[in-house]
Amino acid sequence: MPLALLALAVGAFGIGTTEFAMMGLLPDVAGDLRISIPAAGHLVSAYALGVVVGAPLLAAATARMPRRTVLIALMGLFVAGNALSALAPDEHWLLAARFLSGLPHGAFFGVGAVVATGLVAPERKARSVSLMFLGLTVANIAGVPAATLVGQHLGWRATFLGVSAIGLAAIASLYLLIPRTPGHTPGAGLRGELAALRPLPVWFALGTTVAGFAALFSAYSYITPMLTDAAGYAEGSVTLLLALFGVGATAGNLLGGRLADHAMRRTLFGGLASLVAVLAAFPLLMRTEWSAALAVVLLGTAAFVTGSPLQLMVMEKAAAAPSLASSANQAAFNLANAGGAWIGGLALAAGFGVTAPATAGAGLAVLGIGVAGAAYAVDQRRAKRPAGPARVIATHVPDRQEALHH
């Protein structure tokens, strides 16, 4: 695999760290800015909103630019957003800075996936995408716990300065390792980019991402009360257990990339089916400490097996605008984050028990299988559709008078 993939992984590591570290820093941020914990929670939503807004817009707006230049510019925007977060004097400034930090997230992964697949042979495309996403999953093992510790001992502002430094390292790596590549076809334009997202198979692929990862976040958003109230862990142990989730996610990401290169559709269906099984088993697995720890690892593994095949599927269905489609998939991922947390919260508030969000997640994963099945049926129908009648090209046939004349 090309060394250039390391540069993409470094950028993904910084993005993953800043996205998830805020959840562990909420009490520190709330105390310093003198706001409530729920108000501080809006900072998480502001980042997700930035991803959803920025992913398609920035990918489409930069379609004609060389992709290395786009990646460096996006990471520069990421550094600026995190530096401004560190300097925030109040809640409103920090909300704006978090929104700015989220803007380049989806476009970076979208353009990065196109660059990654262009660096390798066709039979290694899924693995190249999984290696870029490796930075995101490793961030859950090392980056987020380290960022939380830095925030607790040196202040939350130091965390964002540290993330800015990671962004600068990513810029240097991108400049040195990513080859110069052109953007899209010069005549594509914004209208042409958006037109590539119209076909139904593209929306089926995006819908599978929303349903599948909403299943993950329905459970993962409430994993702490499950571990403490159901499994009996002390609150101080949760950070280590969340690192185990990162271990599972890393393993699932690498496994999914390898399997998808051989059978993309079967890998997707297998991952979603595994996610259904793991989430449905949560009420049983959360009864003891050892089985709860196993459940956390399995959750990360099952969910992230689907990451690479979903990314590639969206890119293939919108082949005329792969950067935009890939970025839109990242927006779908963050919609799944917000929607899954909301649905899991409804299940928890309904009084069905502390593991109810996992059961709701199993239902969402079943929905994901349904959407993926509908996408497969549409593809099969289109593949069997007979070709249209051959066009008859009219030619000049001389009439009788003309023939007699000659």
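Not measured: the values here are computed from a predicted model. (Residues numbered from 1 in each chain as written. Predicted model: local features only at pLDDT ≥ 70, side-chain atom pairs only at ≥ 80, totals over all residues. Heavy atoms only, no water.)

### A short note on the overall build of the protein
Argument step 1. The number of helices and strands found in the protein is 17 helices and zero strands.
Argument step 2. For the protein, the residues scored as buried account for 53% of the 406 residues in total.
Argument step 3. Relative to all contacts within the protein whose residues are 6 or more apart in sequence, the contacts with residues 24 or more apart total 84%.
Argument step 4. A total of about 17700 Å² of accessible surface is found on the protein, and carbon and sulfur atoms cover 68% of it. (Helix = DSSP H or I, 4+ residues; strand = E, 2+ residues; numbered from the N terminus. Buried < 20%, exposed > 50% of the residue type's maximum accessible area, 1.4 Å probe, protein only. Contact = heavy atoms within 4.5 Å. Areas by Shrake-Rupley, 256 points an atom, 1.4 Å probe, with all protein chains shown as cover.)

### Some thoughts on the layout of surface pockets
Argument step 1. Reported here for the largest pocket is a volume of approximately 1100 Å³.
Argument step 2. Contributing to the lining of the largest pocket are 36 residues, with Phe20, Met23, Gly24, Ser221 and Leu242 lying nearest its centre.
Argument step 3. Put simply, the parts of the chain that give the lining of the largest pocket at least two residues each are helix H1 (4–33), helix H2 (37–61), helix H5 (125–154), helix H8 (200–220), helix H9 (223–230), helix H10 (238–260) and helix H15 (322–349).
Argument step 4. No other element matches the seven residues that H1 contributes to the lining of the largest pocket.
Argument step 5. Residues belonging to the lining of the largest pocket are distributed by class as follows: 23 nonpolar, eleven polar and two charged. (1 Å grid on protein atoms, 1.4 Å probe; cavity = no way out; pocket = protein on both sides within 12 Å on 5 of 7 lines; lining within 4 Å. Points joined across faces, edges and corners; volume = space filled by probe spheres on them. Nonpolar A, V, L, I, M, F, W, Y, C, P; charged D, E, K, R; others polar.)

### Observations regarding empty space enclosed by the protein
Argument step 1. Under the criterion given, the structure shown has five cavities of 30 Å³ or more.
Argument step 2. Within this model, the largest cavity holds a volume of roughly 160 Å³.
Argument step 3. In terms of lining residues, the largest cavity is bounded by 16 residues, among which Phe133, Phe213, Gly307, Gln330 and Phe333 are the most central.
Argument step 4. Of the residues that constitute the lining of the largest cavity, the class distribution is seven nonpolar, nine polar and no charged.

### Some remarks on the confidence of the model for the protein
Argument step 1. Taken over all residues, the pLDDT of the protein has a mean of 85, while the share at 70 or more is 90%.
Argument step 2. Taken as a whole, residues 390–406 scores under 50 in pLDDT and shows one contact with residues more than four places along the chain or in a different chain. (pLDDT = per-residue confidence, 0-100.)

### Notes on the packing of aromatic side chains
The geometry of an aromatic ring pair is captured by the separation of the ring centres together with the interplanar angle, meaning the angle of the planes.
Argument step 1. Counted under the stated rule, the structure contains eight aromatic pairs.
Argument step 2. Residues Phe217 and Phe333 carry aromatic rings whose centres are separated by 5.5 Å and whose planes lie at 80° to one another, so their mutual orientation is edge-to-face. Note that Phe217 is positioned in helix H8 and Phe333 in helix H15, a separation of 116 residues in sequence.
Argument step 3. Through pairs of rings, three or more aromatic residues link up here, namely Phe213, Phe217, Tyr220, Phe245, Phe304 and Phe333. (Phe/Tyr/Trp six-rings, centres within 6.5 Å; stacked < 30°, edge-to-face > 60°.)

### Topic: helix H4 (residues 91–118)
Argument step 1. When the terminal C-alpha atoms of H4 are compared, their 42 Å separation across 28 residues agrees well with the 40 Å that a helix rising 1.5 Å per residue should span.
Argument step 2. Burial analysis of H4 places 21 of its 28 residues in the buried class, the great majority of the element.
Argument step 3. Capping the start of H4, Asp90 holds a side-chain oxygen 3.2 Å from the backbone nitrogen of His92, two or three residues further along. (Expected span 1.5 Å × (residues − 1). Polar contact = N/O pair within 3.5 Å; in protein donor to acceptor, adjacent residues only side chain to side chain.)

### With respect to unusual backbone geometry
Argument step 1. Its identity as a non-glycine residue notwithstanding, Arg34 has a phi of 60°, on the positive side.
Argument step 2. If you trace the backbone, Arg34 turns up in the loop between H1 and H2.

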